[in-house]
Amino acid sequence: MTQVAILGFGVVGSGVADLITKNSKEVFALGGDEINVKYILDLRDFPDSPFGDRVVHDFDVIISDSEVKYVIEVMGGSHPAYEYTLAALRAGKNVITSNKEVVANFGDEFLAAAEAAGVSYRFEAAVGGGIPVISPLISCVRQNKITEVRGILNGTTNYILTKMFSFGDGFAESLADAQARGYAERNPDADILGTDASRKIAILASLVTGKLVPTSHIHTEGITAIRKTDVAAAARVGLAIKLLGRAVVTHGELEIMVAPFMLPEKSPLGGVSGVYNAVEVLGEPISSVMFYGPGAGAGPTASAVVGDLMQIMRSGTATATPTMKKTTEGVKPFSDFVARSYVALTGITESDVRAALGEVEFIFADGECAFITEEMREADVCAALESLTRAGATVLSRIRLL
């Protein structure tokens, strides 16, 4: 019998324990052995849970038990997840996680420690919840010349933007609705400010390039500045607004960012609505493939975690593993990024806009001066908008186009 320990007994941890227990026949068929949740590490006790007798409060109990070969870390946050993960790997235990923060910050260390100890470190659930994207990237499409990985990586923000687009609601009321439905946390900053998506695109970029870019070096914007007027203007020209993580590879250099983008409503990513996530991979000769599904929740995330467990039980370290190096070398500054932009201004004339930005496409936007630029460098757009501001304009919105 295979003995496992779960670190953290929140939504995901309890979901993992339930899946292993309730789907024991399916798990046995895939893994080749029965699985027993021997320990659950948490600060709390759970007397009403069927797993209440497995709860321990001392991590050393798990580390010192030679029977436990698999540790499932679903605590969230960087600490003590970092310390526990490193200790488990060095003790010769395989580690599986759904914790995108700790992977984005320390994934390179964990993979090196796993290799040194002859065990596995897997993190399929850290990006996209139940969507199988990491294993296919490593094993199935990496042989292509990947030019970009981009995606809707946060279900909360996608739900908010969908509600604004479909019902004409404002940001604040759409966020309140997401919180009421349990899609957004009481403190939603990690979602709406783009932090969560930044961690995920860092992981995806590392799988494609081998470069684990610190999130502090990833240009990150959220959705808090998007207005009803912007959503309506986009809809009038057949566009949708999505918060995207993008990792673009050009001539060996990497552009990586998280920001709202306008994209065709009927495009693969433009049609993804609600709390769903999607990751699109572009390359040669693969052209374009997309992975789509529920990006969060106990069930989908637990499914990915247990899927990783099955992979290790079947194949051990023989499965393909990524290599990561924490670096900013070869990462282009965001000021060099080139895109078209949607801009909404007041206090300026169309001739002033053309003088500053060249030929633009003006669109109707409820009395505002709204337009879409030609492709321009980020630094040049910012300089032009600063000059218009000095001339008396007020910049209301700026959203790039995909």
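Above this text is the structure in question.
On a predicted model such as this, the values are computed, not experimentally measured, just so you know.

Enquirer: Account for the nonpolar core, with residues named and values stated.
Expert: By size, the foremost hydrophobic cluster in this structure holds 82 residues, and its most contacted members are Ile62, Tyr121, Phe123, Leu204 and Tyr342. Formed by 27 residues, the second largest nonpolar core is a distinct cluster that contains Phe9, Val16, Val306 and Met310.

Enquirer: Can you tell me about the packing of aromatic side chains, naming the residues and giving the values?
Expert: Tallied over the entire structure, the rule returns 13 aromatic pairs. A centroid spacing of 4.3 Å and a plane angle of 40 degrees characterise the contact between Tyr82 and Phe106, whose relative ring orientation is tilted. Of this pair, Tyr82 sits in helix H4 (residues 81–90) while Phe106 is found in helix H5 (residues 100–117), placing the two residues 24 residues apart along the sequence. Classification of Tyr82 as buried rests on a relative accessible area of 17%. By the ring-pair criterion, three or more aromatic residues cluster together here, those being Tyr82, Phe106, Phe110, Tyr121 and Phe123. Just above the ring of Phe261 sits the side chain of Arg246; from NZ or CZ to the centre is 5.1 Å.

Enquirer: Describe the sheet that holds strand E1 (residues 2–7), with residues and values.
Expert: The parallel open sheet is built from six strands, whose spatial order is E3-E2-E1-E4-E5-E6. In this open sheet, the two edge strands, each paired with only one partner strand, are strand E3 (55–56) and strand E6 (121–122). Helix-sheet contacts for helix H12 (residues 298–315) involve E1, strand E2 (35–41), strand E4 (68–73), strand E5 (94–97) and E6, and the interaxial angle to E5 is about 155 degrees.

Enquirer: Residue-level account of the pattern of salt bridges, with values.
Expert: Two side chains with opposite charge may pair up if their charged atoms get near one another. Summed over the entire model, instances satisfying the criterion amount to 22 salt bridges. Of the charged contacts in the structure, one is a salt bridge between Lys38 and Glu67, with a shortest N-O distance of 2.6 Å. Of this pair, Lys38 sits in strand E2 while Glu67 sits in the loop between helix H3 (59–63) and E4; the two residues are 29 residues apart in sequence, bridging distant segments of the chain. Judged by relative accessible area, Lys38 falls into the partly exposed class, the value being 23%. Ionic pairing is found between Asp53 and Arg54, a salt bridge with its closest N-O pair at 3.3 Å.

Enquirer: An account of helix H7 (residues 155–167) is needed here, citing residue identities and associated values.
Expert: The terminal C-alpha atoms of H7, which comprises 13 residues, lie 18 Å apart, in line with the 18 Å expected from a rise of 1.5 Å per residue. With ten of its 13 residues buried, H7 lies for the most part within the structure. When H7 is considered as a whole, its buried residues turn out to be Gly155, Thr156, Thr157, Asn158, Tyr159, Ile160, Leu161, Thr162, Lys163 and Met164. Turning to H7, the residues buried within the fold contact strand E7 (145–152), helix H8 (171–180), helix H9 (189–192), helix H11 (228–236), strand E10 (239–250) and strand E12 (276–284). Taking the backbone nitrogen of Thr156 as reference, a side-chain oxygen 3.1 Å away marks Asn154 as the first, capping residue of H7. Immediately downstream of H7, the backbone of Gly168 shows phi near 70 degrees, a positive value.

Enquirer: Lay out unusual backbone geometry in plain terms, naming residues and giving numbers.
Expert: Note the cis peptide between His79 and Pro80, where omega equals 10 degrees. Along the polypeptide, Pro80 turns up in the loop between E4 and H4. Between Glu284 and Pro285 the backbone carries a cis peptide bond, its omega angle lying at 0 degrees. Mapped onto the fold, Pro285 is located in the loop between E12 and strand E13 (287–294). A positive phi angle is found at His251, which is not glycine, with a value near 50 degrees. Within the secondary structure, His251 sits in the loop between E10 and strand E11 (253–264). One non-glycine residue, Ser287, lies in the positive phi region at around 70 degrees.

Enquirer: Tell me what's going on with the side chain of Glu101, and back it up with residues and numbers.
Expert: Considering the arrangement of structural elements, one finds Glu101 in helix H5. In this structure the side chain of Glu101 is engaged in a polar contact, spanning 3.3 Å, whose partner is the side chain of Arg199. Excluding anything up to four places from it in sequence, Glu101 contacts Gly77, Ser78 and Arg199.

Enquirer: Could you give an account of the state of the cysteines, naming the residues involved and the relevant values?
Expert: Scanning all chains against the criterion turns up zero disulfides. The closest cysteine sulfur to the non-disulfide-bonded Cys369 is located on Cys382, 18 Å from its own sulfur. Its relative accessible area of 32% is what places Cys382 among the partly exposed residues.

Enquirer: Provide a residue-level description of the environment of Met257, including the pertinent values.
Expert: Relative to the assigned elements, Met257 resides in strand E11. For the pair Met257 and Glu221, spaced 36 residues apart in sequence, the C-alpha separation works out to 8.3 Å.

Parameters at a glance
Residues numbered from 1 in each chain as written. Predicted model: local features only at pLDDT ≥ 70, side-chain atom pairs only at ≥ 80, totals over all residues. Heavy atoms only, no water. Core = buried A, V, L, I, M, F, W, Y, C linked by side-chain atoms within 4.5 Å. Buried < 20%, exposed > 50% of the residue type's maximum accessible area, 1.4 Å probe, protein only. Phe/Tyr/Trp six-rings, centres within 6.5 Å; stacked < 30°, edge-to-face > 60°. Helix = DSSP H or I, 4+ residues; strand = E, 2+ residues; numbered from the N terminus. Lys NZ or Arg CZ within 6 Å of the ring centre and 35° of its normal. Pairing = 2+ DSSP bridges. Contact = heavy atoms within 4.5 Å. Axes fitted to C-alpha atoms, helices over the stretch in contact; angles between N-to-C directions. Salt bridge = Lys/Arg side-chain N within 4 Å of Asp/Glu carboxyl O. Expected span 1.5 Å × (residues − 1). Polar contact = N/O pair within 3.5 Å; in protein donor to acceptor, adjacent residues only side chain to side chain. Disulfide = S-S within 2.5 Å.

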